[in-house]
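Spelled out from the first residue to the last, the chains are:
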Amino acid sequence: MKKGGAYLLVLPAFLFTLFVMFYPLGQNLLNSLHKVTMMRDFGWIGPANYSAVVNDPLFWLALKNSLSYSVVGTTVSMTVGLFMAMLLNQLIGRLTSVFKFIYMIPWVVSPVVAGFAWKWLLNDQFGMVNHLLIRLGLISSGILWLGQAQTALLSVLIARVSQFFPFAMIMFYAALQNIPQEQYEAAEVDGAGSSAKFIHITLPHLKSVAVVLLLLGLIWSFNDFNMVYIMTRGGPIHSSMVLPVLVREYSFVLYDLGKGSALSVIIFAVLLTLSAVYLYLLGKREPI
Amino acid sequence: MKKFLLISLMTLLAVLILFPFLWMLSTSLKPIA
């Protein structure tokens, strides 16, 4: 087939991508430079939307929350995932696959469902968490997990960790399976204890997977709208506001689509940088 | 013995992980008061 024929075959997919990806992106970029409300476009205003976003204290609060949400959420998920992967890696026979299946369930459940489940669990009046804590005598009256500024983001973080750790677990588990057993045996002969084996053999083998996981986790968490929106909607008093929820707040609560677009362009730039680092590292990584 | 402890721990973790979903399932099956 001639080269032109190949391009012709790619054309439908290319047009589709153009329509569903690049057109909205371009329109969004255009909106961010215009004064746009829900009703109409009032024309070009240059970078005024960007300066409005940067001068908004809410933006800095949401940025801080987004950063702590993604950094803490990802690192805790990875630690839990590593622990679970090491548990799964112990030789317990056929039960391993059963446990692997059960541990993977939170990952396959839709974030909306998981968000609602956690919202009910953490309910201050009917929630199981408060009920158990009162029964155990740890607290005397129910804690308003999602209703007070100190605990709202923490509650969403717990839900996020419960959602994301299975992915980290399965990636670490795959990497653990690939570590040659001879290295452990040689270390044992040399008199290494289990902590020495973990630090000098297991961790170095998991490094490349951990870097990929960290970047993916940061990108996904930074972009995560569902969990926060469902559990707290960024409240109370914006204490758990993250950037994707703030975009929605600007665009569909304050009806300032221009400002919302400007903020989403900023988020896009941050994520593009992280993705570039991810792709660079993925290209550089030696095959496991 | 070690294997028994390991399986107990893993079962406990499995229950903890499934808890939100089991709780939601049980709630969905109850009538609204």
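Keep in mind that this is a model prediction, so the values were computed, not measured. (Residues numbered from 1 in each chain as written. Chains lettered and ligands numbered in written order. Predicted model: local features only at pLDDT ≥ 70, side-chain atom pairs only at ≥ 80, totals over all residues. Heavy atoms only, no water.)

## Side note on the overall build of chain B
The condition that has to hold: Helical segments are the DSSP runs of H or I of at least four residues, strand segments are the runs of E of at least two, and each set is numbered from the N terminus. Think of it in three bands: with a 1.4 Å probe and only protein chains considered, a residue is buried below 20% of the maximum accessible area for its type, exposed above 50%, and partly exposed in between. Throughout, the Shrake-Rupley method with a 1.4 Å probe supplies accessible areas, and for residues the shown protein chains are the sole cover considered.
Along its length, chain B carries one helix and zero strands. Principal axes of the C-alpha set define a box for chain B whose edges measure 45 × 10 × 10 Å. Per-residue burial over chain B gives 30% buried out of 33 residues. Accessible surface, chain B: about 2,600 Å² in total, of which carbon and sulfur atoms supply 82%.

## So, the overall build of chain A
Heads up, the rule is: The contact criterion used is simple: two residues touch if any of their non-hydrogen atoms lie within 4.5 Å. Residues counted as positive are Lys and Arg, residues counted as negative are Asp and Glu, and His and the chain ends are not counted. Charged groups are reduced to one reference atom each: NZ for lysine, CZ for arginine, CG for aspartic acid, CD for glutamic acid.
Within chain A, the secondary structure is distributed over 12 helices and two strands. For chain A, the sequential pattern of α-helices and β-strands runs α-β-β-α-α-α-α-α-α-α-α-α-α-α. By the burial criterion, 42% of the 288 residues in chain A qualify as buried. Of the contacts formed within chain A by residues at least 6 apart in sequence, a portion of 69% connects residues at least 24 apart. Accessible surface, chain A: about 16,000 Å² in total, of which carbon and sulfur atoms supply 69%. Averaged over its 17 positive side-chain charges, chain A has a centre that lies 8 Å from the centre of its 11 negative ones.

## As for the packing of helix α8 (residues 181–189) of chain A against helix α9 (residues 194–222) of chain A
Two quantities define a packed helix pair, namely the angle between the axes and the distance from one axis to the other. All names here are of chain A. To keep it simple, the criterion reads: In this description, a line fitted to the C-alpha atoms serves as the axis of each element, helices being fitted only across the stretch in contact, and the angle between N-to-C directions of two axes falls anywhere from 0 to 180 degrees. Under this scheme an angle from 65 to 115 degrees is roughly perpendicular, one under 35 degrees roughly parallel, and one over 145 degrees roughly antiparallel; angles in between are oblique. Should the near helix be turned anticlockwise from the far one by less than a right angle, the crossing is left-handed, and should it be turned clockwise, the crossing is right-handed. Any residue outside Ala, Val, Leu, Ile, Met, Phe, Trp, Tyr, Cys, Pro, Asp, Glu, Lys and Arg is labelled polar, Gly included; the first ten of those are nonpolar and the last four are charged.
Contact pair α8 / α9: the axes reach a minimum separation of 10 Å and the direction vectors enclose 160 degrees. Judged on the interaxial angle alone, α9 and α8 are roughly antiparallel. With respect to the hand of their crossing, α8 and α9 are arranged in right-handed fashion. Across the interface between the two elements, Q183, Y184, A187 and E188 from α8 touch K197, I201, T202 and H205 from α9. For the contact of α8 with α9, the per-class residue count stands at three nonpolar, three polar and two charged.

## Some details on the confidence of the model for chain B
Applicable threshold: Values of pLDDT, the confidence the predictor places in each residue, fall between 0 and 100.
Taken as a whole, chain B shows an average pLDDT of 82; of its residues, 94% reach a score of 70 or greater. For this predicted complex, the interface confidence score (ipTM) comes to 0.82, while the overall pTM stands at 0.84.

## Observations concerning the side chain of A:S239
Residue and element names in this part refer to chain A. Basically, it comes down to this: Identification of polar contacts relies on pairs of N or O atoms within 3.5 Å, with a donor-acceptor requirement for protein atoms, meaning one able to donate a hydrogen and the other able to accept it, and with residues adjacent in sequence counted only if both atoms are side-chain atoms.
As for its position among the elements, S239 is in the loop between α10 (226–231) and α11 (243–253). In this structure the side chain of S239 is engaged in a polar contact, spanning 2.7 Å, whose partner is the backbone oxygen of P236. For S239, the contacting residues outside a window of four places in its chain are N65, A149, A152, L153 and G234.

## Some thoughts on α9(A)
Counted only if it meets this: One less than the number of residues in a helix, times 1.5 Å, gives the span that helix is expected to have. One axis fitted to the seven residues ending at a residue, another fitted to the seven starting there: the angle between these axes is the bend at that residue.
End to end, α9(A) covers just 36 Å across 29 residues, shorter than the expected 42 Å (1.5 Å per residue, more than 12% under). Along α9(A), the largest kink reaches about 50 degrees and is centred on A:K207.

## A look at the pairing of strand β2 (residues 41–44) of chain A
Residues and elements named next belong to chain A. Applicable threshold: For two strands to count as paired, DSSP must find a minimum of two bridges between them.
With two bridges joining them, strand β1 (residues 34–36) and β2 adopt antiparallel strand pairing. What sits directly across from H34, in β2, is W44. Linking two consecutive strands that pair antiparallel, namely β1 and β2, is a turn of four residues.

## Concerning the environment of B:L16
Along the chain, B:L16 turns up in helix α1 (residues 2–29). Through-space distance from the C-alpha of B:L16 to that of B:L6 is 15 Å; in sequence the pair is 10 residues apart.

## Points about the nonpolar core
All names here are of chain A. Operational definition: For this analysis, a nonpolar core means a set of buried residues of the types Ala, Val, Leu, Ile, Met, Phe, Trp, Tyr and Cys, connected via side-chain atoms within 4.5 Å.
In terms of nonpolar packing, the biggest core is built from 79 residues, with Y103, F172, L246 and L263 touching the most fellow members. Top element by residues in this core is helix α7 (residues 149–177). It accounts for 12 residues. Not counting residues up to four positions away in its chain, the partners in contact with L246 are L58, F59, A62, M241 and L263.

## Thoughts on the interface of chain B and chain A
Each partner contributes to the interface: chain B provides 17 residues, whereas chain A provides 22 residues. Where chain B touches chain A, the interface holds one residue pair in polar contact (both at pLDDT 80 or more). In terms of residue class, the side of chain B that touches chain A is made up of 13 nonpolar, two polar and two charged.

## Comments concerning the environment of A:A85
All names here are of chain A. Note that A85 resides in helix α3 (residues 57–89). A sequence separation of 85 residues divides A85 from I170, and the C-alpha atoms of the two residues are 6.8 Å apart. Sequence-distant contacts of A85, defined by excluding residues within four places in its chain, comprise M169, F172, Y173 and L176.

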